[in-house]
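# Results of the structural survey
Each chain, written out:
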Amino acid sequence: MSQMTTQSDSGATFDDDVVLLSVPADGGYLGVLRTATATLAARLQFALDEIEDLRIAVDEACAMLLVVATPGAELECRFSVTDDALLVEVEVPTVVGARLPAESSFAWKVLTALTSSASATAEGGRATIRLITRRTGIS
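Residues numbered from 1 in each chain as written. Predicted model: local features only at pLDDT ≥ 70, side-chain atom pairs only at ≥ 80, totals over all residues. Heavy atoms only, no water.

## Observations concerning the overall build of the chain
The condition is simple: Helix numbering and strand numbering both begin at the N terminus, where a helix is a DSSP run of H or I of at least 4 residues and a strand a DSSP run of E of at least 2. When a residue's accessible area, from a 1.4 Å probe over protein chains only, is under 20% of the maximum for its type it is buried; when over 50% it is exposed; and in between it is partly exposed. By the convention used here, residues are in contact when the closest approach between their heavy atoms is within 4.5 Å. Exposure was quantified through the Shrake-Rupley algorithm and a 1.4 Å probe, taking into account, for residues, occlusion by the shown protein chains and nothing else.
Tallying secondary structure elements over the chain gives 3 helices and 6 strands in all. Secondary structure of the chain in N-to-C order comes out as β-β-α-α-β-β-α-β-β. Buried residues in the chain amount to 43% of all 139 residues. In the chain, 65% of the contacts between residues at least 6 apart in sequence involve partners at least 24 apart. As displayed, the chain offers around 7,200 Å² of accessible surface, 51% of which is attributable to carbon and sulfur atoms.

Put into structure tokens, the structure is as follows:
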């Protein structure tokens, strides 16, 4: 694992461990990312329902990206682990004119309901969805 610094939407800085995974942009490989998500969330001692919510959110984000991915593309997933949060950034090269679902769509409602923060960008031939989930009940 390497070190990286990332700025969150709230302005907080993540100095963290980073896990990078790259899988073919095909629905058959999403189980690998769901398993990695659950494992890292468990490492942070997330509650079981928080782990399942995060797995669903990562699955939904990946599904959104698969629709706009170029044929034969790789889906890149970066997990940044902190003491109390897991930042997941999923990125894929996109087809020309690709657009992600609107923030008012059901898919975005799922992402925002299941995570602390969700955002996306689609520019320069790449689309990225960024999810932050903070552990609840920290003493």
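## Topic: the pattern of salt bridges
Think of it this way: side chains of opposite charge can pair up when their charged atoms draw near. Which entries qualify depends on this criterion: We count a salt bridge whenever a side-chain nitrogen from Lys or Arg sits within 4 Å of a carboxyl oxygen from Asp or Glu.
In the structure shown here, the tally under the stated rule is 7 salt bridges. Taking the shortest distance from any N to any O, the salt bridge between E76 and R126 comes out at 3.4 Å. Of this pair, E76 sits in strand β3 (residues 74-81) while R126 sits in strand β6 (residues 126-134), and the two are 50 residues apart along the sequence. Using a relative accessible area of 27% as the deciding quantity, one classes R126 as partly exposed. Between R126 and E91 there is a salt bridge, with the nearest N and O atoms lying 3.0 Å from each other. Highlighted residues: R126 in strand β6 and E91 in strand β4 (residues 85-93), separated in sequence by 35 residues. A relative accessible area of 25% means that E91 is categorised as partly exposed. Three or more residues joined by partner-sharing salt bridges are found here, namely E76, E91 and R126.

## Quick notes on the packing of helix α2 (residues 48-68) against helix α3 (residues 106-114)
Basically, it comes down to this: Every axis corresponds to a line fitted to the C-alpha atoms, with the helix fit spanning only the stretch in contact, and the corresponding angles, defined between N-to-C directions, vary from 0 to 180 degrees. Orientation is classified from the angle alone, with under 35 degrees giving roughly parallel, over 145 giving roughly antiparallel, 65 to 115 giving roughly perpendicular, and any other angle giving oblique. By definition, turning the near helix anticlockwise from the far helix through less than a right angle yields a left-handed crossing, and turning it clockwise yields a right-handed one. In this classification, Asp, Glu, Lys and Arg are treated as charged, Ala, Val, Leu, Ile, Met, Phe, Trp, Tyr, Cys and Pro as nonpolar, and every other residue, Gly included, as polar.
Running from N to C, α2 and α3 cross one another at 150°; their axes reach a closest spacing of 9 Å. One way to sum up the angle between α2 and α3 is to call them roughly antiparallel. As α2 packs across α3, the resulting crossing turns out to be left-handed. Residues D53, I56, A57, E60, A61 and M64 of α2 pack against A107, W108, V110, L111 and L114 of α3. Classifying every residue of the contact of α2 with α3 gives 9 nonpolar, no polar and 2 charged.

## Digging into helix α1 (residues 30-43)
Residues spaced three or four apart along an α-helix point in a common direction, a consequence of the helix completing one turn every 3.6 residues. The cut-off we apply is this: Here the expected length of a helix is defined as 1.5 Å per residue gap, with one fewer gap than residues.
Helix length check: α1 (14 residues) gives 20 Å between terminal C-alpha atoms against 20 Å at 1.5 Å per residue, within 8%. Taken as a whole, α1 has its buried residues at L30, L33, A36, T37, A38, L40 and A41. Positive phi appears at Q45, one or two residues downstream of α1, with a value of about 60°.

## A few points about the nonpolar core
Short version of the rule: To define a nonpolar core, start from buried Ala, Val, Leu, Ile, Met, Phe, Trp, Tyr and Cys residues and group those joined through side-chain atoms within 4.5 Å.
Core analysis: the largest hydrophobic core is formed by 38 residues, its most contacted members being L75, L86 and I129. Listing elements by their share of this core, those giving two or more residues are α1, α2, β3, β4, α3 and β6. Top contributing element to this core by residue count: α2, with 9 residues.

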